[in-house]
Amino acid sequence: MRSRNPVFSRRGFSRDNGYAGFNTAPQAGGPAVATQGNPYAQQTANPYAQNPYAQQAPYGAPPQAPVTTDRMTMDDVVMRTATTLGVLIVTAALSWALLPVDDANINRSYGIGIGAALIGMVLAFVQSFKRKASPALILTYAAFEGVFLGVISSIVDNRIASGAAMQAVLGTMAVFVGVLIAYKAGWIRVNRRFYGFVMAAALGFILLMAVNLLFAVFGGGDGLGFRSGPLGVVFGVIGILLGACFLALDFKQVEDGLAYGAPREEAWLAAFGLTLTLVWIYLEFLRLISILSSND
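Computed from a predicted model, the values in this text were never measured in an experiment.

Draft legend 1. Quick peek at the side chain of Asn212. For Asn212, the position within the fold is in helix 5 (residues 192-219). Of the residues examined, Asn212 reaches a relative accessible area of 5% and is grouped as buried. Not counting residues within four places of it along the chain, the set of residues in contact with Asn212 comprises Asp222, Gly223, Leu224, Gly225, Phe226 and Arg227.

Structure below.
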């Protein structure tokens, strides 16, 4: 069973088959490798081996991915990611414009934003544990997440640090482009060691932030101080670095899907994973900028 948690895993890494897809060649129709095989393969055989459109490689030739009109392509990934992010950006802009954050309305707007964030979180977990991609569910998640981002960005930009939202957007874009260049150039190698390190670091980071939140809720103030002051800056940078590592895992997911002839619906899952990661990075940038501005 693949791990579906949107934070602790990425689709394409099978817990049954180890860290699938690392340092392996695509399988055209033969049996899957048990330890490091096709990330979309079953325990016994490639699920696309029965594809009538699959091309059988000549004897002695390297294996090839099955050829079918229903395979995921890079255009599919780009279009679905653009659609998901487009919905998120539109709802973020609408919530920014329609939910004022002045003294008279900030509590109401903040409450709506938090409610949208909770709904988005539930939808993200539902999609993460579904066996197949649900475009409607993914786009609905993006819409609610956009409402939350619009409200929280407006609060930070108008009440804490003017221009913070645009700075966070530019920072997120810079991280995305930088990781993409590094990944394509081979400077980042996503292997089992990299995957294990990122998962362990993310688990520790999230648990620590959860403990800090509990102390803040029940003890008041900033909890243990991990999200404010000098420690907040340190953990903000760590959060951005973790987001960059998750981007590398997302790129590996897309690369494996293209190499192994994943079905077209997998493009929605790739878009979902990229959106989750970009939201993570944006929020860490926004928090870091707000901390630095409040310390001036």
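Draft legend 2. Layout of the pattern of salt bridges. Summed over all chains, the structure comprises five salt bridges. A salt bridge links Asp103 to Arg159; its shortest N-O distance comes to 2.9 Å. Note that Asp103 is positioned in the loop between helix 1 (74-98) and helix 2 (106-129) and Arg159 in helix 3 (residues 135-159), a separation of 56 residues in sequence. Since its relative accessible area comes to 40%, Arg159 is described here as partly exposed. Connected through shared salt-bridge partners, Asp76, Arg80 and Arg264 make up one network.

Draft legend 3. Fine view of a nonpolar patch on the surface. There is a patch of nonpolar side chains on the surface, built from Tyr110, Ile114, Leu118, Met121, Phe125 and Phe129 and spanning about 570 Å² of accessible area. Among the structural elements, Phe129 can be located in helix 2.

Draft legend 4. Geometry of the nonpolar core. In this structure, Tyr141, Val175, Leu247 and Leu249 are the most contacted members of the largest nonpolar core, which totals 53 residues. Elements represented by at least two residues in this core include exactly helix 2, helix 3, helix 4 (164-184), helix 5, helix 6 (229-259) and helix 7 (266-294). In terms of residue count, the dominant contributor to this core is helix 7 (14 residues). Filtering out sequence-adjacent residues up to four positions away, Val175 remains in contact with Ile240, Ala244, Leu247, Ile281 and Phe285.

Draft legend 5. Looking closely at the packing of helix 5 against helix 6. The geometry of helix 5 relative to helix 6 is characterised by a closest axis approach of 10 Å and an angle of 140° between their N-to-C directions. Of the possible angle classes, the one that applies to helix 5 and helix 6 is oblique. With respect to the hand of their crossing, helix 5 and helix 6 are arranged in left-handed fashion. The segment helix 5 lies against helix 6, with Phe194, Tyr195, Val198, Met199, Ala201, Ala202, Phe205, Leu208 and Met209 engaging Phe235, Ile238, Gly239, Leu242, Cys245, Phe246, Ala248 and Leu249.

Rules of the game
- Residues numbered from 1 in each chain as written.
- Predicted model: local features only at pLDDT ≥ 70, side-chain atom pairs only at ≥ 80, totals over all residues.
- Heavy atoms only, no water.
- Helix = DSSP H or I, 4+ residues; strand = E, 2+ residues; numbered from the N terminus.
- Buried < 20%, exposed > 50% of the residue type's maximum accessible area, 1.4 Å probe, protein only.
- Contact = heavy atoms within 4.5 Å.
- Salt bridge = Lys/Arg side-chain N within 4 Å of Asp/Glu carboxyl O.
- Patch = residues over 30% accessible without salt bridge, like charges linked within 9 Å, V, L, I, M, F, W, Y side chains within 5 Å.
- Areas by Shrake-Rupley, 256 points an atom, 1.4 Å probe, with all protein chains shown as cover.
- Core = buried A, V, L, I, M, F, W, Y, C linked by side-chain atoms within 4.5 Å.
- Axes fitted to C-alpha atoms, helices over the stretch in contact; angles between N-to-C directions.
- Parallel < 35°, antiparallel > 145°, perpendicular 65-115°, else oblique.
- Left-handed = near helix turned anticlockwise from the far one by under 90°.

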